[in-house]
Amino acid sequence: MAFCTVSIAGAQNDSRFGKSQFPIKSYIEKKGEGFEQQSLLKHLFRMDTSRNFGEKYTGDTAMEDFEPVGEGGTYPENNFGEGFDQTLEHMTWKNRFVVTREMADDNKIGSMKKKASKLVTAYNRTRENFGRALYLGGLSGATVDYKGKKFKTTSADKQPLFSKVHPNLVDNKKQSNLYADVFSVTALDAAETAMQNTKGDTGELLSVAPDTIWIPNDPVLKRAVFAAIGADKDPTTANNAFNFQFGRWNVMVDPYLTYMMSVMGVTGTPWFLLDSKFFEDQDGPVFLDRTKLDVKSVVDDNNDNNLWNGFARFTGGFVDWRFALAGGVTGGSNL
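Residues numbered from 1 in each chain as written. Predicted model: local features only at pLDDT ≥ 70, side-chain atom pairs only at ≥ 80, totals over all residues. Heavy atoms only, no water.

### Digging into the sheet that holds strand β10 (residues 212-216)
Spelled out, the test is: What makes two strands pair is DSSP finding at least two bridges between them. Comment: elements are numbered from the N terminus, with helices defined as DSSP H or I runs of at least four residues and strands as E runs of at least two. Only the stretch in contact is used when fitting a helix axis, every axis being a line fitted to C-alpha atoms; angles between N-to-C directions are given from 0 to 180 degrees. We call two residues in contact whenever any of their non-hydrogen atoms come within 4.5 Å of each other.
Strands sit in the order β11-β10-β12-β15 across an open sheet of four strands; the sheet is mixed. Every other strand in the sheet has two partners, leaving β11 (250-254) and β15 (324-327) as the edge strands with one partner each. Put simply, the sheet's adjacent strands are angled 20° from each other on average, direction ignored. One ladder, built from three bridges, connects β10 with strand β12 (residues 271-274); its direction is antiparallel. When the sheet's bridge partners are listed, W214 is paired in β12 with F272. Against the sheet, helix α5 (residues 185-196) engages β10, β12 and β15, with an angle of about 40° to β12.

If you want it as structure tokens, here you go:
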């Protein structure tokens, strides 16, 4: 699906704006494509499209293990049921910029492109910030307020994305993916192990394999992370023991995460582990596009200005929580 669509309604034959329409259209499309290639959003969510008002996600609990039945044995009856479900509803998002009659008369193409650039940047910035807001909201509550609208930050089990008491559906045993430990190589060892030992809704081992460390753009935390994984010798000992964390992680240092922490009043220095393969194999974090950026150019007969209206519908949320772990959060469990 293309990054955006740009349509020109009624102005292409208007001598006042006709020369500026197509350069602006081309500029919006190229600017958007460049931003999308650099976006981290696709590494935080499974990006998907939708043709409905919203989407419901559900799944089955795991099938029981195979049983030894011997030669000629009958097939066992294997029971599995429906898992937790999650419904994500789309939100409509709008913005616009205006090219005045005077700008068109004076052929201020450069100024018009700057306005177009700001529209595209605002659209992409909104998506990036919205995605981070969902994660950060999931550290403490069931919803997050983003620009005056509330969005769910729970996983399908109705617990916040990061919680000490995620229930298994079948046996109701509790599991945690929310921890208080500040980042260190020891905490990383323990957090990775905790994720690897995560169980499914029937108590089955899931083979979760975290491969990504996601952190805010904090100098102390950056130093700690790269010290922990950047050398093949153990950074905590003087005997040059092998550091098995060396060369095994993708690291995402995220200024958008830092910015949204300040906007939302999130204190401390949280850090996150993610399993990127989980995104592909399971319903974990989902970002849904119902209508990608649709920019329409029209002339306002009331003032002879050229309006460029940006319209989009998208949402995001979480289904299964097991793809992620948060550390460095006050009130979390202890690794």
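### Quick look at the packing of aromatic side chains
What counts is decided by this rule: Paired rings are identified among Phe, Tyr and Trp, the last through its six-membered ring, by centres lying within 6.5 Å, and are further divided according to the angle between planes into stacked (under 30 degrees), edge-to-face (over 60) and tilted (the rest). Note on exposure labels: buried denotes an accessible area under 20% of the residue type's maximum, exposed denotes more than 50%, and partly exposed covers the range between, all computed with a 1.4 Å probe on protein chains only.
Counting across every chain of the model gives 23 aromatic pairs. Centroid distance Y123 to F314: 6.3 Å. Interplanar angle 75°. Geometry classified as edge-to-face. Of this pair, Y123 sits in helix α4 (residues 109-137) while F314 sits in strand β14 (residues 305-318), and the two are 191 residues apart along the sequence. By the burial criterion, Y123 is buried, and F314 matches it.

### With respect to unusual backbone geometry
Phi is positive for K147, close to 55°, though the residue is something other than glycine. With a phi angle near 60°, N172 is a residue other than glycine that sits in the positive phi range. Within the secondary structure, N172 is located in the loop between β8 (166-167) and β9 (174-175). Taking relative accessible area as the criterion, N172 reaches 43% and is therefore assigned partly exposed.

### Thoughts on the packing of α4 against helix α7 (residues 255-264)
To keep it simple, the criterion reads: For any pair of crossing helices, the crossing counts as left-handed if the nearer helix is rotated counterclockwise from the farther one by less than a right angle, and right-handed if it is rotated clockwise. Gly is placed with the polar residues, together with every amino acid not listed as nonpolar (Ala, Val, Leu, Ile, Met, Phe, Trp, Tyr, Cys and Pro) or charged (Asp, Glu, Lys and Arg).
With their axes 9 Å apart at the nearest point, α4 and α7 run at an angle of 65° to one another. Between α4 and α7 lies a crossing of right-handed hand. Across from R125, E128, N129, R132, A133, L136 and G137 in α4, the residues of α7 making contact are Y256, L257, Y259, M260, M261 and M264. Residues that form the contact of α4 with α7 fall into these classes: eight nonpolar, two polar and three charged.

### Comments concerning the side chain of E128
Quick reminder of the rule: Two N or O atoms count as a polar contact when they lie within 3.5 Å, although within protein this holds only if one can serve as hydrogen donor and the other as acceptor, and sequence-adjacent residues are included solely when both atoms are side-chain atoms.
Note that E128 resides in helix α4. At 2.2 Å, the side chain of E128 forms a polar contact with the side chain of S39.

### A few points about the nonpolar core
What counts, and what does not: Take the buried Ala, Val, Leu, Ile, Met, Phe, Trp, Tyr and Cys residues and link them wherever side-chain atoms come within 4.5 Å; each set so joined is a nonpolar core.
By size, the foremost hydrophobic cluster in this structure holds 68 residues, and its most contacted members are I28, Y135, F162 and F323. In terms of residue count, α4 provides more of this core than any other element does, ten residues in total. Setting aside residues up to four positions removed in sequence, Y135 forms contacts with L44, F45, L161, F162, W214, L274, F279, P285, F318 and F323. In terms of nonpolar packing, the next biggest core, distinct from the first, is built from six residues, L88, V286, L288 and V319 among them.

### Structural notes on the pairing of strand β13 (residues 285-300)
Bridge analysis of strand β1 (residues 4-8) against β13 gives five bridges, and the strand direction is parallel. Each residue of the ladder has a partner; that of T5, found in β13, is D294. With four bridges joining them, strand β2 (residues 46-49) and β13 adopt parallel strand pairing. By the bridge assignment for β13, M47 is matched with F287. Strand direction decides the pairing type here: β13 and β14, joined by 13 bridges, are antiparallel. Considered in β14, the bridge of T291 is made with R313. Counting the residues that bridge the hairpin from β13 to β14 gives four residues, and of these D304 lies at a positive phi of roughly 65°.

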